[in-house]
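Commentary on secondary and tertiary structure
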Amino acid sequence: MACTPCVLIQTTTTTIPATTTTLPSVADDCTVRGYEADLHGCDLRSADLTNGNLYQSNLRGADLSGVTASNLNLQGADLTGANLSGVTLSNSSLYAADLTAALLTSGSFTNVNFQSANLTEANLSGAVFPSSGFYAATWSNTTCPNGEVQSTDCTVSSPT
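In what follows, the accompanying structure is described. (Residues numbered from 1 in each chain as written. Predicted model: local features only at pLDDT ≥ 70, side-chain atom pairs only at ≥ 80, totals over all residues. Heavy atoms only, no water.)

Regarding the sheet that holds strand β3 (residues 108–110)
Overall, parallel pairing links the three strands, which are arranged β1-β2-β3 in an open sheet. The sheet is open, and its two edges are formed by β1 (68–70) and β3, each paired on a single side. Neighbour to neighbour, the strand axes of the sheet diverge by 5° on average, direction disregarded. Bridge analysis of β1 against strand β2 (residues 88–90) gives three bridges, and the strand direction is parallel. Looking at the pairing, threonine 68 lines up with threonine 88 of β2. (Pairing = 2+ DSSP bridges. Helix = DSSP H or I, 4+ residues; strand = E, 2+ residues; numbered from the N terminus. Axes fitted to C-alpha atoms, helices over the stretch in contact; angles between N-to-C directions.)

As structure tokens, then:
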């Protein structure tokens, strides 16, 4: 079919590149220590953290497996997805720390303050907690020391 009169419409397509901001999987400097340190994704397996102060530090996804430390302040630290398996901590504070999905398997936590800590989906299988306190801690789908998953304080079933 012929058109009379015909109008030619020209279309233009413009592509705008998408911009996304992602954090690197590992902090720029894994040797920094102290208040609000950014240590996300760092390998800290050989770090000496005794008498350390990592108050409100970012340790998301960090590997602290096998670390032995005493008098370590992790109050308010973000340990989401961190690996603390086989850790030996004593006389330390995890007060109000976020341990969501963290691995605390086979760790020994003697006289450690977990008050107000978030243990949602954390794995505590085989860990022991002699003289440690969990007042007002958050428990949700937490794997207890005996391997059972529950959403209530499960440290009473912890072997000593």
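Section: the side chain of serine 132
Mapped onto the secondary structure, serine 132 falls in the loop between β3 and β4 (142–143). The class of serine 132 is buried, set by a relative accessible area of 17%. A polar contact of 3.5 Å, which involves the side chain of serine 132, links it to the backbone nitrogen of asparagine 111. Leave out the neighbours within four places in its chain, and serine 132 touches Phe109, Thr110, Asn111, Val112 and Phe114. (Buried < 20%, exposed > 50% of the residue type's maximum accessible area, 1.4 Å probe, protein only. Polar contact = N/O pair within 3.5 Å; in protein donor to acceptor, adjacent residues only side chain to side chain. Contact = heavy atoms within 4.5 Å.)

Brief notes about the state of the cysteines
A covalent bond between the sulfur atoms of two cysteines is what we call a disulfide. Under the counting rule described, the total for this entry stands at two disulfides. Across the disulfide, cysteine 30 is cross-linked to cysteine 42 (sulfur-sulfur distance 2.0 Å). Residues cysteine 30 and cysteine 42 are joined through a disulfide that is left-handed, its torsion about the S-S bond being -80°. Taken together, the residues cysteine 30 in the segment before β1 and cysteine 42 in the segment before β1 connect sequence positions 12 residues apart. Residue cysteine 30 is classed as partly exposed on the basis of its relative accessible area, which comes to 23%. A relative accessible area of 1% means that cysteine 42 is categorised as buried. (Disulfide = S-S within 2.5 Å.)

Describing the environment of tyrosine 55
Here tyrosine 55 lies in the segment before β1. A relative accessible area of 24% places tyrosine 55 in the partly exposed class. Sequence spacing of tyrosine 55 and alanine 37 is 18 residues, and the spatial spacing of their C-alpha atoms is 8.0 Å. Those residues in contact with tyrosine 55, other than ones at most four positions away along the chain, are Tyr35, Glu36, Asn73 and Gln75. A polar atom in the side chain of tyrosine 55 sits 3.5 Å from the side chain of glutamine 56.

Some points on the packing of aromatic side chains
In this description, an aromatic ring pair is defined by two values, namely the gap between the centres and the angle between the planes. All told, the structure shown has seven aromatic pairs when counted by the stated rule. Aromatic side chains phenylalanine 129 and phenylalanine 134 sit 5.3 Å apart centroid to centroid with 80° between the ring planes, which places their arrangement in the edge-to-face category. Residue phenylalanine 134 is classed as buried on the basis of its relative accessible area, which comes to 9%. (Phe/Tyr/Trp six-rings, centres within 6.5 Å; stacked < 30°, edge-to-face > 60°.)

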